[in-house]
2 protein chains.
Amino acid sequence: MTAKIVVLLVDDHAVVRAGYKTFLSLSDKVGMIYEAERGESACQLYNQYQPDIVIMDLSMPGMGGFESIRRLVSRDAHCKILVSSIHNELVYVTRVIKAGAKGYITKNNSPETLMAAVYQVASGNTFIEPALAQQLAINVASERGVSNQIEELSPREFDVFCLLANGLTTRDAAEKLCLSYKTVCNHTTAIKEKLGIKTLAELALVATRQGILETFDRSSMAMLEK
Amino acid sequence: MTAKIVVLLVDDHAVVRAGYKTFLSLSDKVGMIYEAERGESACQLYNQYQPDIVIMDLSMPGMGGFESIRRLVSRDAHCKILVSSIHNELVYVTRVIKAGAKGYITKNNSPETLMAAVYQVASGNTFIEPALAQQLAINVASERGVSNQIEELSPREFDVFCLLANGLTTRDAAEKLCLSYKTVCNHTTAIKEKLGIKTLAELALVATRQGILETFDRSSMAMLEK
DNA sequence: TTGATTTCAGGAAAAATTCCCATGACTAAA
DNA sequence: TTTAGTCATGGGAATTTTTCCTGAAATCAA
């Protein structure tokens, strides 16, 4: 057996990091575990320790998970990133893989599944959570784009889409993405065009209906629908 | 000190539960820790073990955190629920407390804060995360109700609000309401001001969270106003 | 009646958006 | 290697939307 797996854990929630550490330490193949709260420090720690695998949460403050993935990959093309997300929507899976991650699992998995994913990714393979992989396969086979028009958005457009859907102004989104205001304007126009919508409100509705935005209180909404 | 604190942990993510267990076991005042993946089983386990405190995640599949709180409280009015959420929006705090929870903290807290919250709630007090409590106090003091600013909209403003929330453009809304475009613009500005929002996307989000959708005619609006 | 509030809307100014264009980077095909 | 295509980025000008201020008419409660 080779050396132990060095892990970099990126998640803004201390509780969640503690959970991962507990799970990971069940295996004797895992060595040092470094932790980062956000994307910025993750990049720095990555360079410093050269971990065998990065386990990353998607929804983080600051630059966010997607941008973090892109940066890590642009620095080191062989960077092995396993995304662990609370989202079980297919849109995310495809996006994340496109961005350069090597694996995707949701957080409601057993330690065993997590470790299986870690081994796979750390040894250079890919790992998509079986249930999601199934759905993905079906979707692809049935010729229907994963989530219709949203899939047609370019990666950058998707970034902008997410921020706008969350209620950010064009200016705020530009700042968050470190882009010119005009660029975001142009992306926004393209997004509206592709999705066939006119207002930001529609954009937010599309996002919520696709489950891209967590609406927090689904139960009471379900009640209203009846 | 009396007997140890019996905890019921409700979160659909195994990793997160593991994190809590790690944090909680740092204290010798915590005794048994039971776990539930979702609201349904939480109710059952609650009856079975009568825990001193329930630590609950908000965003869960199935009945969801919100509904779970209501059920637990309706069964046992003295049920002590500490909500631990990834959301740091005030809306959630107030709604959760209204639903009957006794505490609210976000997930990016230290073990110490978590334990402080657990002690407080378990011993019959309440605990709101300090930072959020601050904001809440400020909001209340400045007279702006947190969640139901919608109540402050005038009837006409509410009409406009509903249309915009459904994705209509200002022009379309004006036509639908037989108003001048400028009038609708002005109403929109007033609405944004009252709700403290900047974009139509936010408007749509507020509407979804309040469960207001496709309520065009005045009759159903009158119902909502009560 | 009086004062407060709501509804309506116009004009001028400010801000946001669209549309068109150009650049550089990258990729896939010929 | 050349070519063609896409993507991301943003500038400039024109256009559209929104804000802000103003006032008039209507309603309502005290």
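Residues numbered from 1 in each chain as written. Chains lettered and ligands numbered in written order. Predicted model: local features only at pLDDT ≥ 70, side-chain atom pairs only at ≥ 80, totals over all residues. Heavy atoms only, no water.

Chain A appears in an unreviewed UniProt entry as Response regulator GacA from Methyloglobulus morosus KoM1.

K.L.:
Sorry if this is basic, but what is going on with the protein's contact with DNA strand D here?
P.N.:
Taken together, 17 residues form the shell around DNA strand D, and within it Ser154 and Thr183 of chain A together with Thr170, Arg171 and Thr189 of chain B come nearest. If you look at DNA strand D and keep only atoms within 4 Å of the protein, 65% of those are sugar or phosphate atoms. The separation between a base oxygen of DNA strand D and a polar side-chain atom of Lys182 of chain A is 2.8 Å. Listing elements by their share of the surface near DNA strand D, those giving two or more residues are helix H7 (155-165) and helix H9 (181-195) of chain A together with helix H8 (170-177) and helix H9 (181-195) of chain B. Per-element tally for the surface near DNA strand D: the top contributor is H9 of chain B, with six residues. Of the residues belonging to the surface near DNA strand D, the class tally is four nonpolar, eight polar and five charged. (Near = heavy atom within 4 Å. Polar contact = N/O pair within 3.5 Å; in protein donor to acceptor, adjacent residues only side chain to side chain. Helix = DSSP H or I, 4+ residues; strand = E, 2+ residues; numbered from the N terminus. Nonpolar A, V, L, I, M, F, W, Y, C, P; charged D, E, K, R; others polar.)

K.L.:
What should I look at first to understand the pairing of strand E2 (residues 30-36) of chain A in this one?
P.N.:
Regular strands place their side chains on alternate faces of the sheet. All names here are of chain A. Pairing of strand E1 (residues 5-10) with E2 involves five bridges; the strand directions are parallel. For Leu8, the partnering residue across the bridge sits in E2 and is Tyr34. In this fold, E1 hands off to helix H1 (residues 14-24), which returns the chain to E2; that crossover is right-handed. (Pairing = 2+ DSSP bridges. Right-handed = clockwise from strand over helix to strand, strands pointing away.)

K.L.:
Got a minute to help me understand the UniProt feature "modified residue: 4-aspartylphosphate" (unreviewed entry) in chain A in this structure?
P.N.:
Cross-referencing UniProt, the feature "modified residue: 4-aspartylphosphate" (unreviewed entry) maps to Asp57 of chain A in the present numbering. By secondary structure assignment, the location of Asp57 of chain A is in the loop between strand E3 (53-56) and helix H3 (64-75). (UniProt positions renumbered as here; feature names shortened; annotations may be inferred.)

K.L.:
Just checking my understanding: could you explain the packing of aromatic side chains for this structure?
P.N.:
The description of two aromatic rings rests on the distance between their centres and on the angle between their planes. Summed over the entire model, instances satisfying the criterion amount to three aromatic pairs over all chains. Between Phe158 of chain A and Phe161 of chain A the ring centres are 6.1 Å apart and the planes differ by 20 degrees, which places this aromatic pair in the stacked class. Note that Phe158 of chain A and Phe161 of chain A are positioned in helix H7 at a spacing of three residues, about one turn of the helix. The ring of Tyr119 of chain B is capped by Lys29 of chain B, whose NZ or CZ atom sits 4.7 Å from the centre of that ring. A cation over an aromatic ring shows up here: Arg171 of chain B above the ring of Tyr181 of chain B, its NZ or CZ 3.9 Å from the ring centre. (Phe/Tyr/Trp six-rings, centres within 6.5 Å; stacked < 30°, edge-to-face > 60°. Lys NZ or Arg CZ within 6 Å of the ring centre and 35° of its normal.)

K.L.:
What am I meant to see in the protein's contact with DNA strand C here?
P.N.:
Among the 17 residues in the neighbourhood of DNA strand C, the closest are listed as Arg171 and Thr189 of chain A together with Ser154, Ser180 and Lys182 of chain B. The contact in question runs from a phosphate oxygen of DNA strand C to an N or O atom on the side chain of Thr189 of chain A, over 2.6 Å. Interatomic distance of 3.1 Å between a side-chain N/O atom of Asn186 of chain B and a base oxygen of DNA strand C. Only helix H8 (170-177) and H9 of chain A together with helix H7 (155-165) and H9 of chain B provide two or more residues apiece to the surface near DNA strand C. Along the lines of polarity and charge, the residues of the surface near DNA strand C split into four nonpolar, eight polar and five charged.

K.L.:
How do you make sense of the nonpolar core when you look at a structure like this?
P.N.:
General note: in soluble globular proteins, nonpolar side chains tend to be found buried as a group. Counting residues in each nonpolar core, the largest one holds 71 residues, and the members touching the most others are Val54, Ile69, Ile81 and Phe161 of chain A together with Phe161 of chain B. Residues Leu24, Ile53 and Ile105 of chain A together with Val121 of chain B belong to the second largest nonpolar core, which totals 46 residues. (Core = buried A, V, L, I, M, F, W, Y, C linked by side-chain atoms within 4.5 Å. Buried < 20%, exposed > 50% of the residue type's maximum accessible area, 1.4 Å probe, protein only.)

K.L.:
Teacher, can you tell me more about the state of the cysteines here?
P.N.:
Every disulfide links exactly two cysteines, by a covalent bond between their sulfur atoms. All names here are of chain A. Taken as a whole and judged by the stated rule, the model has zero disulfides over all chains. Free of any disulfide, Cys79 has its nearest cysteine sulfur in Cys43, 8.9 Å distant. The exposure class assigned to Cys79 is buried, which follows from its relative accessible area of 0%. (Disulfide = S-S within 2.5 Å.)

K.L.:
Just checking my understanding: could you explain H8 of chain A for this structure?
P.N.:
For the α-helix, the turn length of 3.6 residues means that residues three or four positions removed from each other point alike. Residue and element names in this part refer to chain A. The set of residues buried in H8 consists of Ala173, Ala174 and Leu177. Viewed end-on, H8 has its buried residues packed into an arc of 100 degrees, placing them on one side of the element. Exposed residues pointing more than 90 degrees away from the buried face of H8 are listed as Arg171 and Glu175. Residues of H8 that are buried sit in contact with H7 and H9. (Arc of directions from axis to C-beta. Contact = heavy atoms within 4.5 Å.)

K.L.:
Teacher, can you tell me more about the packing of H7 of chain A against H8 of chain A here?
P.N.:
Angle between the axes and distance between the axes: these two values describe a pair of packed helices. All names here are of chain A. Direction vectors running N to C along H7 and H8 enclose 130 degrees, while the axes themselves pass 10 Å from each other. The angle between H7 and H8 places the two elements in the oblique class. Crossing hand, H7 versus H8: right-handed. Contact with H7, carried on its side by Arg156, Asp159, Val160, Leu163 and Leu164, involves Thr170, Ala173, Lys176 and Leu177 of H8 and no other residues of that element. (Axes fitted to C-alpha atoms, helices over the stretch in contact; angles between N-to-C directions. Parallel < 35°, antiparallel > 145°, perpendicular 65-115°, else oblique. Left-handed = near helix turned anticlockwise from the far one by under 90°.)

K.L.:
Honestly, the packing of H7 of chain A against helix H10 (residues 200-209) of chain A in this entry has me stumped. Any pointers?
P.N.:
Residues and elements named next belong to chain A. Running from N to C, H7 and H10 cross one another at 100 degrees; their axes reach a closest spacing of 9 Å. Classified by the angle between their axes, H7 and H10 sit roughly perpendicular to one another. Residues Phe161, Leu164 and Ala165 of H7 form the contact with H10, whose own contacting residues are Leu200, Leu203, Ala204, Val206 and Ala207. When its residues are assigned to classes, the contact of H7 with H10 shows eight nonpolar, no polar and no charged.

K.L.:
What am I meant to see in the environment of Ala3 of chain B here?
P.N.:
All names here are of chain B. Mapped onto the elements of the fold, Ala3 is located in the segment before strand E1 (5-10). Residue class for Ala3 comes out exposed when judged on its relative accessible area of 61%. Residues Ala3 and Gly31, 28 residues apart in the sequence, show an inter-C-alpha distance of 8.3 Å.

K.L.:
Looking at this model, I keep getting lost on H9 of chain A. Mind explaining?
P.N.:
Residue and element names in this part refer to chain A. Its 15 residues give H9 an end-to-end C-alpha distance of 21 Å, which sits within 8% of 21 Å, the value for a rise of 1.5 Å per residue. Packed against the buried residues of H9 are H7, H8 and H10. Gly196 sits one or two positions beyond H9 and adopts a positive phi of about 65 degrees. (Expected span 1.5 Å × (residues − 1).)

K.L.:
What exactly am I supposed to notice about the sheet that holds E3 of chain A here?
P.N.:
In sheet architecture, strand pairing relies on hydrogen bonds along the backbone and comes in two forms, parallel and antiparallel. All names here are of chain A. Strands sit in the order E2-E1-E3-E4-E5-E6 across an open sheet of six strands; the sheet is parallel. Every interior strand has two partners, whereas the edge strands, E2 and strand E6 (127-128), have only one. Sheet analysis places strand E4 (residues 81-85) next to strand E5 (residues 103-106), joined by four bridges and oriented parallel. Paired with Val83 across the bridge in E5 is Tyr104. Most of the contacts of H1 go to E2, to which it runs at about 175 degrees, and overall it touches E1, E2, E3 and E4. Sitting on the sheet, helix H2 (residues 39-49) touches E1, E2 and E3, and the angle it makes with E2 is about 145 degrees.

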